[in-house]
Amino acid sequence: MVIIEVRNLTKVYGRQVACRDICLSVEEGQIFGFLGPNGAGKSTLVKILLGLVYPTAGEAKVVGCAPQDIKGRRQVGFLPENFRMHGWLKGEELVAFHARLAGLDGRTAKRRAHEVLELVGLAGEGRKQVANYSKGMQQRLGLAAALVGDPRVVFLDEPTSALDPLGRRQVREILLTLREAGKTIFLNSHLLSEVEQVCDRVAIINRGTVVADGRPEELQAGSAKVAIRLDGLTGELVAELRRRDPDLQLEGDRLTLALNGRVEIAALVTRLVAGGCRIYEVTPGHNSLEDIFVHLVKEGELVCG
Amino acid sequence: MRLMALFTFREAWRKKVVLLAGLLTLAFLILYGTGLHFIVGDIAYSTDHAAVSFFEMMEAITLFSMGIYFAGFLVAGLAILAAVGSIAGEIENGTLYPLMARPLSRSDLLLGKYFGLAAMLVTYAAFFFLALAGLIYWQTGLILPGLAPALGLFILKPLVLLSITMLGTTRLPTLGNGVLAFGLYALAVAGGMMEQIGVLMGSPAAVYSGVIASFILPADAVYRMVVATVIDRLPIGSGQDTPFFNPQMILGPFGSQFTPSDWMLVYTFVYIVILLAIAVRTFNRRDI
Ligand SMILES: Nc1ncnc2c1ncn2[C@@H]1O[C@H](COP(=O)(O)OP(=O)(O)OP(=O)(O)O)[C@@H](O)[C@H]1O
Ligand SMILES: [Mg+2]
């Protein structure tokens, strides 16, 4: 079932186009990664989906409702990007207040607040005044508030930007648990490795336009990279490889080049050995999403600017 | 809306707004009470309260009116400061975003904040008013005539200022809104003063400017209504029914040279409702 649907959405701020003719649809139960460089329009789209910002044109539906519809918002959780929580409350009071707003009664709200605080790793901190929370703790608190109403769809705008590596891993685990429970997650991020690890689907936005949309494997297909540590490479061999990939890089004993798929790795290694090279290490390209990202964004710059 | 109102009330409480305002008010009351004691002490009041003469009574009322006048400044200032950044300021510092995605309509959010602050301000204003009336009774033995309706009018004043500040904060940044609200309030106060002086000196132009000012922001007009309410309810036969004599004259610029019509009261209510409606509309339409 399609749970988030965006049709021809455009948002213009004055003369700045933040989103241009965006079409997307997200299936229920997916983790959807929304990627893009700074200022691409990611946050703007999320704000439109939550009814905080009015689109200039086009329409959006979340859980079958218009974004401003209170009925739809009962099933939605949101972690904004540049937010602060009311500092005069204690952590648990704040989360409980959000639970009350989400429709829980007083006692359930308190219990639920405890649960989510534990989930985000703030179990012992609930009695502290929010004003005294560190940046990462605030972000965890925001995540707790987003999840407290047990929403069907969760919008997370860069949920791990302030977190330590452990916190990032915790968030990834939380996301996977949520998916197991059948929840849908809309994840804005530019941490590609994170997105690569958890997302079922990815869209890339640049300058307000969606430039790629699909499963991570699909996006990665056809552009495998490989890094090889070796010695004994002759100039002749380099010239031959350069014919295959003009962008090949050679730094010290490290050779990086693009292939048309991982299957070509074996053939390449055989060729290098036959040519007299000694091979110490072969690393298949790992950040390929990053490569696609950089590639698409650069391409966008050429076209637009 | 109720949750939001409670939240806002609690916020004002926790942020020590009430405590600080209370301390300041206490200081004001002590100062006022001391002054009152010495002024009243110079005049020999008869111990028999019923025999308080008209002029003695008028003196007590004058002192009370002045107290109320300055108390009005404190209450108005608190109303403006409490509401000045409640929407735009919270957007600026990012505390509104998490709330905005909740199943809470924007009008509920805004009105919840309004009623939360209103509850605090009304309590504060009522306490202040009664404390002043109490001091007057203690020092002069006079129970102010028309105490209850006057109290009702007095608590309208913070509500008027609250509504204009709420409207401002849906659009204007905190500082700009503060400047605007205080500016309008100063205009209303100056206009009201001009109006009274205009009447006393017979200058229609000054009276008109005052009337216009009280239409722009009926804050001073509310004060005049309070005074008029008290004076109009002076007991019969205590001298105010002397022909060609208006007891308001004694109050000078602190008085209300002609009783504001009931329409002013209606206007004030309509004013609050309309301003809130515009505030909701503006807030509903803006991007956050
Ligand atoms: N309120 C606003 N008024 C004017 N322009 C805005 C406003 N909000 C966003 N923009 C512009 O819209 C564009 C998209 O901004 P947005 O915040 O959506 O980017 P983003 O993809 O979330 O970036 P980041 O990764 O830095 O968070 C930017 O060029 C930004 O300057
Ligand atoms: Mg952003």
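Parameters and conventions
- Residues numbered from 1 in each chain as written.
- Chains lettered and ligands numbered in written order.
- Predicted model: local features only at pLDDT ≥ 70, side-chain atom pairs only at ≥ 80, totals over all residues.
- Heavy atoms only, no water.
- Helix = DSSP H or I, 4+ residues; strand = E, 2+ residues; numbered from the N terminus.
- Buried < 20%, exposed > 50% of the residue type's maximum accessible area, 1.4 Å probe, protein only.
- Areas by Shrake-Rupley, 256 points an atom, 1.4 Å probe, with all protein chains shown as cover.
- Lys, Arg positive; Asp, Glu negative; His and termini not counted.
- Charge placed at Lys NZ, Arg CZ, Asp CG, Glu CD.
- Rg over C-alpha atoms; globule rule 2.2 N^0.38 Å.
- Contact = heavy atoms within 4.5 Å.
- Pairing = 2+ DSSP bridges.
- Axes fitted to C-alpha atoms, helices over the stretch in contact; angles between N-to-C directions.
- Phe/Tyr/Trp six-rings, centres within 6.5 Å; stacked < 30°, edge-to-face > 60°.
- Lys NZ or Arg CZ within 6 Å of the ring centre and 35° of its normal.
- Buried area = accessible area lost by both parts, 1.4 Å probe.
- Salt bridge = Lys/Arg side-chain N within 4 Å of Asp/Glu carboxyl O.
- Donors = N, O, S within 2.8 Å, 3.2 Å for Na, K, Ca; no water.
- Near = heavy atom within 4 Å.
- Polar contact = N/O pair within 3.5 Å; in protein donor to acceptor, adjacent residues only side chain to side chain.
- Core = buried A, V, L, I, M, F, W, Y, C linked by side-chain atoms within 4.5 Å.

Right, let's talk about the overall build of chain A for a bit. Looking only at helices and strands, chain A has 11 helices and 13 strands in total. In terms of its C-alpha atoms, chain A occupies a principal-axis envelope of roughly 75 × 45 × 35 Å. Counting over 305 residues, chain A shows a buried share of 50%. Taken as a whole, chain A presents about 14,400 Å² of accessible surface, with 49% of it coming from carbon and sulfur. Across chain A, 40 positive and 38 negative side-chain charges occur, with their mean positions spaced 6 Å apart.

Turning our eyes to something else, we now look at the overall build of chain B. Helix and strand counts for chain B stand at 13 helices and zero strands. In chain B, the order of α-helices and β-strands from amino to carboxyl end is α-α-α-α-α-α-α-α-α-α-α-α-α. Against the 2.2 N^0.38 benchmark of 19 Å for 288 residues, chain B shows a C-alpha radius of gyration of 21 Å, consistent with a compact globule. Across the 288 residues of chain B, 55% fall into the buried class. Counting only contacts in chain B whose residues sit at least 6 apart along the sequence, the fraction spanning at least 24 positions is 85%.

Okay, the sheet that holds strand E13 (residues 278-284) of chain A next. Residues and elements named next belong to chain A. Strand order in this open sheet of four strands is E11-E12-E10-E13, and the pairing throughout is antiparallel. Strand pairing shows two members of the sheet lacking a second neighbour, strand E11 (249-251) and E13, which therefore form its edges. Taking the axes of each pair of neighbouring strands and ignoring which way they run, one obtains an average angle of 20° across the sheet. Inspection of the sheet shows strand E10 (residues 225-231) paired to strand E12 (residues 254-258) by five bridges, in the antiparallel sense. Paired with isoleucine 228 across the two strands is leucine 255, which belongs to E12. Against the sheet, helix H10 (residues 264-274) contacts E10, E12 and E13, and its axis sits at roughly 165° relative to E13.

Describing an aromatic ring pair means giving the distance of the ring centres and the angle of the ring planes. For the structure shown, the criterion picks out 21 aromatic pairs over all chains. Each ring, one from tyrosine 114 of chain B and one from phenylalanine 115 of chain B, has its centre 5.5 Å from the other, and the planes form 85°; the classification is edge-to-face. Accessibility expressed as a relative area gives 44% for phenylalanine 115 of chain B, which makes it partly exposed. Grouped by ring-pair contacts, the aromatic residues Tyr69, Phe70, Phe73, Tyr185, Tyr223 and Phe254 of chain B constitute a single cluster. Between the NZ or CZ atom of lysine 11 of chain A and the centre of the ring of tyrosine 13 of chain A, over which it lies, the distance is 5.1 Å. The positively charged end of arginine 106 of chain B is found above the aromatic ring belonging to phenylalanine 283 of chain B, 5.6 Å away from the centroid.

The partner chain B presents 27 residues to the 30 residues of chain A that form the contact. Between chain A and chain B, the buried area comes to about 2,800 Å², and carbon and sulfur atoms account for 61% of it. Here chain A is connected to chain B by two salt bridges. With a closest N to O distance of 2.6 Å, lysine 11 of chain A and aspartate 287 of chain B form a salt bridge.

This brings us to the environment of valine 273 of chain A. Residue placement: valine 273 of chain A occurs in helix H10. Each C-alpha atom of the pair valine 273 of chain A and leucine 233 of chain A lies 9.6 Å from the other, and the pair is 40 residues apart in sequence.

For the rest of this paragraph, the subject is the coordination of the magnesium ion (ligand 2). Protein coordination at the magnesium ion (ligand 2) comes from Ser43 of chain A (OG), Glu81 of chain A (OE) and Glu81 of chain A (OE), with a distance range of 1.9 to 2.7 Å. Note that serine 43 of chain A is positioned in helix H1 (residues 42-49) and glutamate 81 of chain A in the loop between strand E5 (76-79) and helix H3 (91-101), a separation of 38 residues in sequence.

With that settled, consider the site of ligand 1. Residue and element names in this part refer to chain A. Near ligand 1, the surroundings consist of 14 residues, among which Gly39, Gly41, Lys42, Ser43 and Thr44 are the closest. Contacts to ligand 1 include serine 43, whose side-chain N or O atom sits 2.6 Å from an oxygen atom. Contact with the protein chains removes 65% of the 630 Å² of surface that ligand 1 exposes when unbound. Where the shell around ligand 1 is concerned, the elements lending two or more residues are strand E2 (16-27) and H1.

If you look at the biggest cluster of nonpolar residues, it comprises 169 residues, and the most contacted ones within it are Leu45, Phe155 and Phe186 of chain A together with Leu217 of chain B. Of all the elements, helix H6 (residues 106-140) of chain B adds the most residues to this core, at 17 residues. Contacts of leucine 45 of chain A, omitting those with residues within four sequence positions, involve Val6, Leu9, Cys19, Ile22, Leu24, Phe34 and Phe186 of chain A. Counting 14 residues, the second-largest nonpolar core is a separate cluster that includes Val226, Leu248, Leu255 and Leu259 of chain A.

For the rest of this paragraph, the subject is the sheet that holds strand E4 (residues 57-62) of chain A. Residue and element names in this part refer to chain A. With respect to topology, three strands assemble into an open sheet ordered E2-E1-E4, the strand pairing being antiparallel. In this open sheet, the two edge strands, each paired with only one partner strand, are E2 and E4. With strand direction ignored, the average angle separating the axes of adjacent strands in the sheet is 20°. Across the face of the sheet, H1 comes into contact with strand E1 (2-13), E2 and E4 while running at roughly 120° to E1.

Structural measurements only, silent on function.
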